[in-house]
Amino acid sequence: KAGVTQTPRYLIKTRGQQVTLSCSPISGHRSVSWYQQTPGQGLQFLFEYFSETQRNKGNFPGRFSGRQFSNSRSEMNVSTLELGDSALYLCASSMAGWNTEAFFGQGTRLTVV
Amino acid sequence: ILNVEQSPQSLHVQEGDSTNFTCSFPSSNFYALHWYRWETAKSPEALFVMTLNGDEKKKGRISATLNTKEGYSYLYIKGSQPEDSATYLCASPPKAGNMLTFGGGTRLMVKP
């Protein structure tokens, strides 16, 4: 079956702009989580959506937001971009529980200039 | 905040060597312990998800153990091969849901 698909793969934005990233989970997976990976911080949890509701949120400013649609596809939005937002953003889809593996997409590499 | 720590940060071994890494996590409010392998230019791939104290899991030459009472897990690779070169990540959810706290990873390089 098809894996987790993230679009776009690469993105260059200017400080102050906003950006929307998209994630299509594996068919049948209702949980979608987002992570940010930077060289200094490693993989950091942003938020998790389950059945169109935000179930968990990490310690990121309100400029980071997300949503999930009825087909489980998810988007994350970052407003008023800062240079420090340059990172690899990974999306993962899972079955419902915490004891099931996460399936990751290949990520979106965001560069803010 | 749940802190997940991994050691060593990096490891260079020769082909054929066996190796192991450590993942430490707070033992209170334990839900699960995940191991992932992340090869360069690819997506992280799940190796194991373990939930019970004393759990041992194996996939080919890779195995893992779990001690939830003392808060650690070991990942073993027997007879390392160059294709095992990757970053190995462990992660644990601090509460119910798919919210994983990752360790910093162990970068393994296997020389032919």
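Residues numbered from 1 in each chain as written. Chains lettered and ligands numbered in written order. Predicted model: local features only at pLDDT ≥ 70, side-chain atom pairs only at ≥ 80, totals over all residues. Heavy atoms only, no water.

(A) Structural context of the layout of surface pockets. Taken as a whole, the largest pocket spans an internal volume of roughly 710 Å³. Together, 29 residues line the largest pocket, and A:Gln37, B:Trp38, B:Glu39, B:Thr40 and B:Thr87 are the ones closest to its centre. Sorting the residues of the lining of the largest pocket by element identifies β4 (31–38) and β5 (42–50) of chain A together with β9 (86–92) and β11 (106–111) of chain B as the ones contributing at least two each. Taken together, the residues that form the lining of the largest pocket break down as 10 nonpolar, 14 polar and 5 charged. (1 Å grid on protein atoms, 1.4 Å probe; cavity = no way out; pocket = protein on both sides within 12 Å on 5 of 7 lines; lining within 4 Å. Points joined across faces, edges and corners; volume = space filled by probe spheres on them. Helix = DSSP H or I, 4+ residues; strand = E, 2+ residues; numbered from the N terminus. Nonpolar A, V, L, I, M, F, W, Y, C, P; charged D, E, K, R; others polar.)

(B) Local environment of empty space enclosed by the protein. Summed over the entire model, instances satisfying the criterion amount to 1 cavity of 30 Å³ or more. Among the elements of the structure, β4 and β9 (87–94) of chain A together with β4 (33–38) of chain B are those that each provide at least two residues to the lining of the largest cavity. Taken together, the residues that form the lining of the largest cavity break down as 5 nonpolar, 5 polar and 1 charged.

(C) Quick peek at the sheet that holds strand β1 (residues 5–7) of chain B. Residue and element names in this part refer to chain B. The 5 strands lie next to each other as β1-β3-β8-β7-β6, forming an open sheet whose pairing is antiparallel. Two strands in the sheet have a free side with no partner beyond their single neighbour: β1 and β6 (56–59). Geometrically, the sheet is characterised by an average inter-axis angle of 15° between neighbouring strands, direction not taken into account. Sheet analysis places strand β3 (residues 19–24) next to strand β8 (residues 72–77), joined by 6 bridges and oriented antiparallel. Paired with Thr19 across the strands is Ile77, a residue of β8. (Pairing = 2+ DSSP bridges. Axes fitted to C-alpha atoms, helices over the stretch in contact; angles between N-to-C directions.)

By themselves, these figures tell us nothing about what the structure is for.
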